[in-house]
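Below, each chain spelled out in residue letters.
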Amino acid sequence: MRSRSRYLDQDQCSWIRDWWRAMQPPTTDRQDVSFALRALSRGDRAKCRRCTTLEELEQELAPNLLAAHLVESSQTRSTWLQKWLQGHHEALFLLAGVLAHVEVDAKGNHPLAGRSLVFCLGNAQLKPGATPRMSERRFKRLLTASGVEDFLRQARRAAQLADGVADVAVLADDLLAWSIERDQRERKPSESLKFRWARDYYLSAKEQFSPESPNTKSDNANEI
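The structure presented is a predicted model; accordingly, all values stated were derived computationally and were not measured. (Residues numbered from 1 in each chain as written. Predicted model: local features only at pLDDT ≥ 70, side-chain atom pairs only at ≥ 80, totals over all residues. Heavy atoms only, no water.)

**Examining the nonpolar core**
Operational definition: Put simply, buried Ala, Val, Leu, Ile, Met, Phe, Trp, Tyr and Cys residues joined by side-chain atoms within 4.5 Å make one nonpolar core. Relative accessible area decides the class of each residue, using a 1.4 Å probe on protein chains only: under 20% of the type maximum gives buried, over 50% gives exposed, and in between gives partly exposed. In this description a helix means any DSSP run of H or I spanning at least four residues, a strand means any run of E spanning at least two, and both kinds are numbered starting from the N terminus. Only heavy atoms matter for contacts: two residues are in contact if any of them lie within 4.5 Å across the pair.
Counting residues in each nonpolar core, the largest one holds 68 residues, and the members touching the most others are Ile16, Trp19, Leu95, Leu99, Phe151 and Leu176. Top contributing element to this core by residue count: helix α9 (residues 168-183), with nine residues. Excluding its chain neighbours within four sequence positions, the residues that come into contact with Phe151 are Leu94, Leu142, Ala145, Leu175, Trp178 and Trp197.

**Quick notes on the confidence of the model for the chain**
Rules: Known as pLDDT, the predictor's per-residue confidence is scaled from 0 to 100.
The pLDDT averaged across the chain works out to 84; a share of 83% of its residues lies at or above 70. Here residues 211-224 is modelled with pLDDT under 50, and outside its nearest four sequence neighbours on either side it reaches 35 contacts, counting other chains as well.

**So, helix α6 (residues 89-99)**
In an α-helix, one full turn covers 3.6 residues, which means residues spaced three or four apart are oriented alike. Along α6, nine of the eleven residues are buried, which leaves the element largely enclosed by surrounding structure. Every buried residue belonging to α6 is among Ala91, Leu92, Phe93, Leu94, Leu95, Ala96, Gly97, Val98 and Leu99, and all of these are buried.

**Things to note about the packing of α9 against helix α10 (residues 193-202)**
In a packed pair of helices, the relevant descriptors are the angle between the two axes and the axis-to-axis distance. Short version of the rule: Angles shown run from 0 to 180 degrees and are taken between the N-to-C directions of axes, each axis being a line fitted to C-alpha atoms and, for helices, limited to the stretch in contact. Geometric relationships in this document are graded by angle, where less than 35 degrees denotes roughly parallel, more than 145 denotes roughly antiparallel, 65 to 115 denotes roughly perpendicular, and other angles denote oblique.
At a minimum axis distance of 9 Å, the contact between α9 and α10 shows a crossing angle of 140°. As summarised for this structure, α9 and α10 are arranged oblique, according to the angle between their axes. On the side of α9, the interface is formed by Asp174, Ala177, Trp178 and Glu181, while α10 contributes Leu193, Arg196 and Trp197.

**A look at the packing of helix α8 (residues 148-161) against α9**
Formally: Handedness of a crossing follows from how the near helix is turned relative to the far one, being left-handed for an anticlockwise turn of less than a right angle and right-handed for a clockwise one. Amino acid classes used here: Ala, Val, Leu, Ile, Met, Phe, Trp, Tyr, Cys and Pro are nonpolar; Asp, Glu, Lys and Arg are charged; the rest, including Gly, are polar.
For the pair α8 and α9, interaxial distance at closest approach is 12 Å and the crossing angle is 155°. In terms of axis orientation, α8 runs roughly antiparallel to α9. For the pair α8 and α9, the sense of crossing is right-handed. On the side of α8, the interface is formed by Val148, Phe151 and Ala155, while α9 contributes Leu175, Trp178 and Arg182. Looking at the contact of α8 with α9, its residues break down into five nonpolar, no polar and one charged.

Structure follows, in structure tokens:
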């Protein structure tokens, strides 16, 4: 299944994966990460996890490296997304705070590759007689978070309920979508993150299956 990126392009998704990978236990898989990221370690991941607010995340190395790279690269581009990022650093600190709770990047041939974080928390992965990993009440709290700090807490809890398994690129894109759609409300409801997450949570995998449509590709060069 193709990653459903709507805002981040391929290069940005790859760099975010590398950022996340740089904070995992040392393996040969880390040797090809960017030189700028080699200073990161599991200690930095632990620091991000201990942060409970965006203000605390802003004082740590790893979130600042993530934000600095994405904002700096935006200065050489002219899409609306790049311009938006330059004035919304808090959206990138939110990414860092939630991604630090991902234990396994569901990419490549992983069964959850290209899926949203909530896909495995609702009916799609439900076995007969079982209950969803995330209760409907908690899911609605995630969708109706009162602000960025509340959303940070709810999204982190969702990652924990998913046993830390998530497609890092898809999750990053969805978290960014939450910030963008909260700031700019012109997008059609049927194209919103809330709609897509509700579909992933309530519908079975069979009900969700449909031919891939063009709007599953990145649209970060277009206006909202």
